[in-house]
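Each chain, letter by letter, is given below.
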Amino acid sequence: MGKCEAFIVGGSAGSLDVLLRVLPDIRPDIPFPIVIVIHRKHGADSLLPDLLSSRTKLIVKEVDEKEKIVAGTIYIAPSDYHLLIEMDRTFSLDYSEKVNYSRPAIDVTFQTAAEAYKSNLVCLLLSGSNADGVKGLKTVKAWAGKAVIQDPDSAQVAYMPEQAKKHVEIDRILRIEDVAEFINLLR
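Because the structure is a prediction, the values reported are computed rather than measured.

*Asks:* Can you break down the sheet that holds strand β1 (residues 6-11) residue by residue, with the values?
*Replies:* Read across the sheet, seven strands follow the order β3-β4-β2-β1-β7-β8-β9 without closing on themselves; strand pairing throughout is parallel. Pairing within the sheet leaves two strands with one partner each, and these edge strands are β3 (59-62) and β9 (172-174). Each strand of the sheet is rotated relative to its neighbour by a mean of 20 degrees, with strand direction disregarded. With three bridges joining them, strand β8 (residues 146-150) and β9 adopt parallel strand pairing. If you follow V148 over to β9, its bridge partner there is R172. Running at roughly 140 degrees to β8, helix α5 (residues 159-167) makes contact with β1, β7 (121-125), β8 and β9 of the sheet.

Rendered as structure tokens:
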């Protein structure tokens, strides 16, 4: 798969269950950051970092503006902000218009990460009910990054990974039980 300098996960309806199943099996010594962008209601999931951190030995934190991206950390996009990855590999938070009815929008993070990490980026699109993430995965592929999706047959809401499969050249399609091993083998 080549070198991985950042692993970004996008998801909507049904994706939290996948993360809760996958996180306990991710090795604590992974040599790259994991960034999670999940559609969530403003203010509703302030416990999300605590919930995810109870499932892993990795540091889990909500992103801060201008924060430097560090390997071995799981970052969560704050609700109601787009999460951008800058060329200097720091985060920016943006309150502009919703994209695909969402803020944070998966497309925004995938697209900005693709430009920053180019071929060293791996993006995974999970369960969800709209096409957010599809344009982002196209951008990832345009910069020679890897596009990975959850097997639509295993998704609680198959629409999001199905749209990606239909419109993007996908590198890997993963069943839920294969996601952690896939992440652990990235270098």
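*Asks:* Go over the pattern of salt bridges with me, naming the residues and quoting the values.
*Replies:* Enumeration over the complete set of coordinates arrives at 10 salt bridges. Residue K61 is joined to D64 by a salt bridge in which the shortest nitrogen-to-oxygen separation is 3.3 Å. Note on K61: relative accessible area 24%, which makes it partly exposed. Residue D64 is classed as partly exposed on the basis of its relative accessible area of 44%. Among the salt bridges present, the one from E67 reaches K61, with a minimum N-O distance of 2.9 Å.

*Asks:* Before we move on, can you summarise unusual backbone geometry with the specific residues and values?
*Replies:* In the segment running from R103 into P104, the intervening peptide bond is cis, with an omega of 15 degrees. Mapped onto the fold, P104 is located in the loop between β6 (91-94) and α3 (106-117). The phi dihedral of N100 falls on the positive side, at around 55 degrees, and the residue is not glycine. Topologically, N100 is positioned in the loop between β6 and α3. Since its relative accessible area comes to 28%, N100 is described here as partly exposed. Unlike most non-glycine residues, K118 shows phi in positive territory, near 45 degrees. Among the structural elements, K118 can be located in the loop between α3 and β7.

*Asks:* Go over the UniProt feature "active site" (unreviewed entry) in the chain, please, and point to the residues and values.
*Replies:* As annotated by UniProt and renumbered to match this structure, "active site" (unreviewed entry) occupies S12, H39 and D132. Considering the C-alpha atoms alone, the annotated residues occupy 121 residues of sequence yet fold into one spot, their largest mutual distance being 9.6 Å. Mapped onto the elements of the fold, S12 is located in the loop between β1 and α1 (15-22). Classification of S12 as buried rests on a relative accessible area of 13%. Sequence-distant contacts of S12, defined by excluding residues within four places in its chain, comprise H39, S127, G128, S129 and M160. With respect to the helices and strands, the residue D132 is situated in the loop between β7 and α4 (134-142). A relative accessible area of 0% means that D132 is categorised as buried. Residues within four places of D132 in sequence aside, it is in contact with H39, N100, S102, P104, A105, I106, D107, L125 and M160. A distance of 2.7 Å separates the side chain of D132 from the side chain of H39, its partner in a polar contact.

*Asks:* Pulling in residues and values, what's your account of the packing of aromatic side chains?
*Replies:* Tallied over the entire structure, the rule returns four aromatic pairs. Look at F7 and F182: their rings are 6.5 Å apart centre to centre, the planes differ by 55 degrees, and that puts the pair in the tilted class. Highlighted residues: F7 in strand β1 and F182 in helix α6 (residues 176-185), separated in sequence by 175 residues. Classification of F182 as buried rests on a relative accessible area of 6%.

What counts as what
- Residues numbered from 1 in each chain as written.
- Predicted model: local features only at pLDDT ≥ 70, side-chain atom pairs only at ≥ 80, totals over all residues.
- Heavy atoms only, no water.
- Pairing = 2+ DSSP bridges.
- Helix = DSSP H or I, 4+ residues; strand = E, 2+ residues; numbered from the N terminus.
- Axes fitted to C-alpha atoms, helices over the stretch in contact; angles between N-to-C directions.
- Contact = heavy atoms within 4.5 Å.
- Salt bridge = Lys/Arg side-chain N within 4 Å of Asp/Glu carboxyl O.
- Buried < 20%, exposed > 50% of the residue type's maximum accessible area, 1.4 Å probe, protein only.
- UniProt positions renumbered as here; feature names shortened; annotations may be inferred.
- Polar contact = N/O pair within 3.5 Å; in protein donor to acceptor, adjacent residues only side chain to side chain.
- Phe/Tyr/Trp six-rings, centres within 6.5 Å; stacked < 30°, edge-to-face > 60°.

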